[in-house]
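Summary of the model geometry
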Amino acid sequence: MKTEWIVITVLAVIAIYVIMVFNRLIRGCNLVREGWSGIDVQLRRRSDLIPNLVEIVKGYAAHERTLFEDVAAKRTSAMAADSIPQKAAAEHALQGSIGRLFAVAEAYPELKANQNFLELQKQMAELEDQLQMARRYYNGTVRDYNIGIQTFPDVLIAGLFGFHEEHFFEIDAASAANPNVSFSGA
């Protein structure tokens, strides 16, 4: 009789532990989704600004047709990417094209004085800051979640319920150093 109670108690403790770990992993998974949602919102906002930016620059630098086509193609590619690593690579390529677009704009003093262009530059700078914050939040939640599913004994429960490692949203070192473009209005 006493042995039965001990077995029942041990099984209850194990069940409670499994439930706690499962709930913690679900919470982590949801935080990762929330973090990705924040990045996705900023990327969509940036993609929505790009056509306006291209049109304004086009008016001043019509001979830069290949650059405009490149920006449009990379924007389309970034919007079509369906996995986090693909999205990161596509956004890195798009960021480089946007940098070249702003570099072209630097050669046109009239364009740099255009109020619409200045406002778009300001909005792009703000979006990049918000995107950086969203990326840090997302990568922090991915780190915590991945640690949760990789540590023992939680790794056993994570494997049992099909939890898997999430990917960080990374940019390479060249992209991080890339913005040589001035967002100043002058």
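**A closer look at the pattern of salt bridges**
This structure, assessed with the given rule, holds 7 salt bridges. For Asp154, the salt bridge is made with Arg24, and the minimal N-O distance between the two is 2.6 Å. A residue pair is termed long-range when its members are at least 10 positions apart, and Asp154 in helix α6 (residues 154–161) and Arg24 in helix α1 (residues 2–60) qualify at 130 residues. For Asp154, a relative accessible area of 7% translates into the label buried. Residue class for Arg24 comes out partly exposed when judged on its relative accessible area of 43%. Here Arg143 makes a salt bridge to Asp144, at a shortest N to O gap of 3.1 Å. Asp144 gets classed as partly exposed once you look at its relative accessible area, which sits at 44%. A single salt-bridge network, built from bridges that share partners, covers Arg46, Glu91 and Glu128.

**A closer look at the side chain of Ser47**
Within the secondary structure, Ser47 sits in helix α1. For Ser47, a relative accessible area of 3% corresponds to the buried category. Setting aside residues no more than four positions away along its own chain, Ser47 makes contact with Arg75 and Met79.

**Overview of the confidence of the model for the chain**
In the predicted model, the chain carries a mean pLDDT of 85, and 91% of its residues have values of at least 70. Across the chain, α6 holds the top mean pLDDT of 92, while helix α7 (residues 173–177) sits lowest at 45. Below pLDDT 50 for its whole length, residues 173–186 participates in 20 contacts with residues either more than four positions away or in separate chains.

**Things to note about the side chain of Asn139**
With respect to the helices and strands, the residue Asn139 is situated in helix α5 (residues 115–150). Looking at Asn139, the relative accessible area reads 18%, which means it is buried. When sequence neighbours within four positions are dropped, the list of residues in contact with Asn139 reads Phe168 and Phe169.

**Some words on the nonpolar core**
Membership of the largest hydrophobic core comes to 25 residues, with the highest contact counts inside it found for Val57, Leu101, Leu111 and Phe117. Sorting the residues of this core by element identifies α1, α2 (65–80), α3 (84–106) and α5 as the ones contributing at least two each. No other element matches α3, which puts 7 residues into this core. Apart from residues lying up to four places away in sequence, Leu101 is in contact with Leu53, Val54, Val57, Leu67 and Phe68. Counting 19 residues, the second largest nonpolar core, distinct from the first, contains Leu25, Cys29, Leu131 and Phe169.

**So, the environment of Lys74**
With respect to the helices and strands, the residue Lys74 is situated in helix α2. Placed 22 residues apart in sequence, Lys74 and Gly96 show a C-alpha to C-alpha distance of 9.6 Å. Non-local contacts of Lys74, meaning those with residues more than four positions away in its chain, are made with Ala93, Leu94, Ser97 and Arg100.

About the criteria used
Residues numbered from 1 in each chain as written. Predicted model: local features only at pLDDT ≥ 70, side-chain atom pairs only at ≥ 80, totals over all residues. Heavy atoms only, no water. Salt bridge = Lys/Arg side-chain N within 4 Å of Asp/Glu carboxyl O. Helix = DSSP H or I, 4+ residues; strand = E, 2+ residues; numbered from the N terminus. Buried < 20%, exposed > 50% of the residue type's maximum accessible area, 1.4 Å probe, protein only. Contact = heavy atoms within 4.5 Å. pLDDT = per-residue confidence, 0-100. Core = buried A, V, L, I, M, F, W, Y, C linked by side-chain atoms within 4.5 Å.

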